[in-house]
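Observations on the three-dimensional arrangement
Spelled out from the first residue to the last, the chains are:
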Amino acid sequence: MENKVIDESVQGSAVMLKTETSFVSDSKKLYVESYGCQMNFSDSEVVASIMNANGYATTRNVDEADVVLINTCSIRENAELRVRNRLTEFKSKKAKKPDLVIGILGCMAERLKKSLLEEEQLVDLVAGPDAYRDLPNLVEEVGTGQKAVNVLLSRDETYADISPVRLDQGGISAFVTIMRGCDNMCSFCVVPFTRGRERSRDPETIVEECKVLFEQGYREVTLLGQNVDSYRWNLSSKGEIKDPNRPTVNFAQLMEKVALVSPALRIRFSTSHPKDMTDDVLEMMAKYENICSYIHLPVQSGSTSVLERMNRSYTREWYLDRINAIRRIVPDCAISTDIITGFCGETEEEHTDTLTIMDEVAFDFAYMFKYSERPKTLAERRFDDDVPEEIKTRRLNEIIAKQLQHSLTSNKNQIGQVQKILIEGNSKRSEAHLSGRNSQNAVVVFPKEHYQKGDYVFVKIEDCTSATLMGKVVESI
Ligand code: SAH
Ligand code: SF4
Ligand code: F3S
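Model, not experiment: these values are computed from the prediction. (Residues numbered from 1 in each chain as written. Chains lettered and ligands numbered in written order. Predicted model: local features only at pLDDT ≥ 70, side-chain atom pairs only at ≥ 80, totals over all residues. Heavy atoms only, no water.)

1. Digging into the sheet that holds strand S15 (residues 334-341)
Reading across the sheet, the 3 strands line up as S14-S15-S16 and stay open at both edges, with parallel pairing between neighbours. Unpaired on one side and paired on the other, strand S14 (294-296) and strand S16 (365-370) mark the two borders of the sheet. For this sheet, the mean inter-axis angle between neighbouring strands, taken without regard to orientation, is 10°. Across 3 bridges, S14 lies against S15 in parallel orientation. For Tyr-294, the partnering residue across the bridge sits in S15 and is Ala-334. (Pairing = 2+ DSSP bridges. Helix = DSSP H or I, 4+ residues; strand = E, 2+ residues; numbered from the N terminus. Axes fitted to C-alpha atoms, helices over the stretch in contact; angles between N-to-C directions.)

2. Observations regarding the confidence of the model for the protein chain
When the pLDDT values of the protein chain are averaged, the result is 92; 94% of them are 70 or greater. Overall, residues 1-24 carries pLDDT values under 50, and its contacts beyond four positions in sequence, including any with other chains, amount to 79 contacts. (pLDDT = per-residue confidence, 0-100. Contact = heavy atoms within 4.5 Å.)

3. Observations concerning the packing of helix H11 (residues 316-329) against helix H12 (residues 348-361)
Direction vectors running N to C along H11 and H12 enclose 15°, while the axes themselves pass 11 Å from each other. Classified by the angle their axes make, H11 and H12 are roughly parallel. As for how H11 packs across H12, the hand of that crossing is right-handed. Here Arg-316, Tyr-319, Leu-320, Ile-323 and Arg-327 of H11 lie close against H12, whose contacting residues are Asp-353, Thr-356, Ile-357, Glu-360 and Val-361. Grouping the amino acids of the contact of H11 with H12 by side-chain chemistry returns 5 nonpolar, 1 polar and 4 charged. (Parallel < 35°, antiparallel > 145°, perpendicular 65-115°, else oblique. Left-handed = near helix turned anticlockwise from the far one by under 90°. Nonpolar A, V, L, I, M, F, W, Y, C, P; charged D, E, K, R; others polar.)

4. Remarks on the sheet that holds strand S19 (residues 443-447)
The 5 strands are arranged S17-S18-S19-S21-S20 in a closed barrel whose pairing can be described as mixed. Taken over all neighbouring pairs, the strand axes of this sheet differ in orientation by 55° on average, direction set aside.

Below, the structure written as structure tokens:
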């Protein structure tokens, strides 16, 4: 996710796909655009790999594409509206170029299935998150004049053997998917319906992918899953060993395996769930310097009664106990969160509970959203979406204002510190500056001098805004 305090985490950034040199210039061209969470961006790299292996070179220019795929998100209504507008634009391109194949992938594809083809006639092809191996066949079917759909969810597809085509060649930081799906049933959430059952990926393939990334010059991997704490290999959900002849691996052990790839490879992970985050994960973070001191731990609400309606399986006290464990075991850890405001039946008092938990924890960063009712979810079936829009907006503004204060204080507290920064590239605002992140995931900007992306440098923090730290490179700590 990007570092912005907004009511919409969905990023409409087109994925920049480089043309592969290994293909002759008359090969067919694929253009992919991704919306939604990091998992979708990661999946688009799997899609590019599958299509490359079937003769499609990737392009960043939609006008020269033979196939346009849009990888979509359903998390909030706005996310879907944005994609619909984009599909209408693509449809007008097809009017001028009838052979153009337009396909929808990801969570909207899974949620809406055939209706996008049949009722709305917006696309030629629909492929859900577990159907990407079938894409070359689906594109071929469209070529023979049919409409193609595959929205089957799988219990075991992890794309473990596919080495993703990195869409930011020469990049520093990569996403590595370690598990797919989600078995939690948070009442507001559409993900269990769009992504299916939870399954973990073979740890050896994860470690191998990280090794290859390191050899290619990457210096940071983010291990991705909807609930990384429930990563388990060869273990049932009850903790029983499935195959006695194979090793078992839990999330803490997986982190250690990846941390051992190289001390120069930083490890991040997302997302942790408060009900499952165990001390052994925190202890592993404390043990390895290259596992970053940063945890994204979505709280959603500070009110136990709201958390119960959300079916989050923890209380305010449980959440605060997990925060204490982080502070005790990884004292320099930054903590960010997700907050939903205006959930079904949320009273003024329950909203105040969210404001007070924010004060108690003092999150370094937060993604904040207005509740958006999603079809088929438990909340849609059980509760009324009864908090009026203007109250949702007012409450959201209150939590945003509070978070801005906390983010500013958190950044101010770092002034004077010397921090180890991994350089990611030029600063967005100035060619003369570089930008990178500290272990705590804060963006740090400093004068370029002779340093380059991929280098680790020590930076003395001299100034800040609520979003960025500014400083100068120093010799060492
Ligand atoms: N698996 C992750 C995050 C999934 S979605 C987790 O459990 O934390 C990212 C965030 O979107 C959620 O944490 C939640 O804050 C928000 N979100 C999910 N469904 C939503 C909805 N219906 N309305 C508003 N925000 C929602
Ligand atoms: Fe959605 Fe909850 Fe699963 Fe996260 S843990 S993806 S919020 S159901
Ligand atoms: Fe969106 Fe699906 Fe991710 S709904 S947040 S793209 S898992």
